[in-house]
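# Descriptive structure summary
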Amino acid sequence: MKRMSRKEKRRLQKARNAGLIMTIFFSLLMTFFLFYSSFFNIVNIETVGNEKTSASLLINTSKIRFGENILRADTNLAEEEVLKLPYIKSVNITRQNRNTVRISVEERKEIFSVLSNGLVYICDENGRILAKSNISSVYPIVKGVDLKDYEPGQNIFEENEELNDLKTIIDTAYELQLLDYYLEIRIQDDKEFGLTRVGDIRVDFGTAERAKNKLNFIERTLESLNAKGKETSLIKLNTDPPVTFLKDEQNAEE
């Protein structure tokens, strides 16, 4: 094999250096094009799945900006920020094309309200406060709880162990798909509860013990009375045996 002369070696080295320089140059040029040119600037931000949370609030909270380079947008950080919003249960932020970002969210459901100090605190099934309002159409409304200084995003059950019995009743009624039938839950003395059911039916529920049995008993009682063409105004479950007072009549059924 013929040995290369010094001149040929210098020529080969220059060619290699030139190739390396060209590679670096085009790499820098491509990097600049991808991350700094307006070709990949965000022009459109879509929001999907938001009913209670406005699109503007989602976009502002994500800190993703119109005109920002889409490849430089930190979607992981944006998701962390959006998850801090009270209604947001889950979020997924994706790049749809070179100019469009999509913010897809799943919102928490409004399940019950708490009336405290003249304000209504709307909560999800886990007790997370979603919003504060002067009025509410979310039933049942819980009364007898002091939520002073509570703000949206806080969880009333996690921060107040004294509400464990209330959680038991709400969880059980929600599991049995009966919670929507109740208009009011009142926390009373001696850890007892009073309920108001659709149809202006008052229930002296007693304690939260055997909540599932009690709720099922109420439904069976109402079905039995309905079959007889009768109505009730009061069901007392804090007596043994339970007593049902018939509407517009003096007699009661056990």
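Quick summary incoming for the structure in this document.

Parameters and conventions
- Within each chain, residues carry numbers counting from 1 in the order of the written sequence.
- Totals for whole chains, interfaces and linings use every residue, but because this is a predicted model, local features are given only for residues with pLDDT of at least 70 and side-chain atom pairs only at 80 or more, for both listing and counting.
- As a rule here, side-chain values cover all heavy atoms of the structure and leave hydrogens and water aside.
- Secondary structure counts use DSSP, requiring at least four H or I residues in a row for a helix and at least two E residues in a row for a strand, with both numbered from the N terminus.
- For each residue, the accessible area found with a 1.4 Å probe, counting protein chains only, is set against the maximum for its type, and the residue is called buried under 20%, exposed over 50%, and partly exposed in between.
- Only heavy atoms matter for contacts: two residues are in contact if any of them lie within 4.5 Å across the pair.
- The protein chains shown are the only cover counted for residues, whose accessible areas, like all others here, come from Shrake-Rupley with a 1.4 Å probe.
- Remark: nonpolar core denotes a set of buried residues (Ala, Val, Leu, Ile, Met, Phe, Trp, Tyr, Cys) joined through side-chain atoms within 4.5 Å.
- Only strands that DSSP links by at least two bridges are regarded as paired with each other.
- A fitted line through C-alpha atoms represents every axis, and for helices the fit uses only the stretch in contact; the resulting angles, taken between N-to-C directions, go from 0 to 180 degrees.

Tallying secondary structure elements over the protein gives five helices and 13 strands in all. The buried share of the protein, reckoned over its 254 residues, is 39%. Contacts in the protein between residues far apart in sequence, at least 24 positions, make up 47% of those at least 6 positions apart. Accessible area of the protein: about 15,800 Å², with a carbon and sulfur share of 49%.

Bringing the nonpolar core into the picture now. In terms of nonpolar packing, the biggest core is built from 33 residues, with Phe112, Val114, Ile156, Leu166 and Phe205 touching the most fellow members. Those residues within four positions of Ile156 in sequence are excluded, and the remaining contacts are Phe112, Val114, Cys123, Gly127, Ile129, Leu147, Tyr150 and Leu163. Counting 17 residues, the second-largest nonpolar core is a separate cluster that includes Ile70, Ala73, Val101 and Val105.

The next thing to look at is the sheet that holds strand E1 (residues 44–48). Pairing is mixed in the open sheet, where three strands are placed in the order E1-E3-E2. Because the sheet does not close on itself, it has two edges, and the strands there are E1 and strand E2 (88–97). Across the sheet, the axes of successive neighbouring strands diverge by a mean angle of 20°, strand direction being ignored. Examined bridge by bridge, E1 and strand E3 (residues 100–107) share five bridges and lie parallel to one another. Bridging from a neighbouring strand, Glu46 pairs with Arg102 of E3.

Time to look at the pairing of strand E5 (residues 119–123). Counted residue by residue, E5 has four buried out of five residues, so it is predominantly covered. Direction of pairing for strand E4 (residues 112–116) relative to E5: antiparallel, over a ladder of five bridges. By the bridge assignment, Ser116 is partnered in E5 with Leu119. The sheet contact formed by E5 and strand E6 (residues 129–133) spans four bridges and is antiparallel. By the bridge assignment, Val120 is partnered in E6 with Ser133. Count of turn residues in the E5/E6 antiparallel hairpin: five residues, of which Gly127 carries a positive phi of about 95°.

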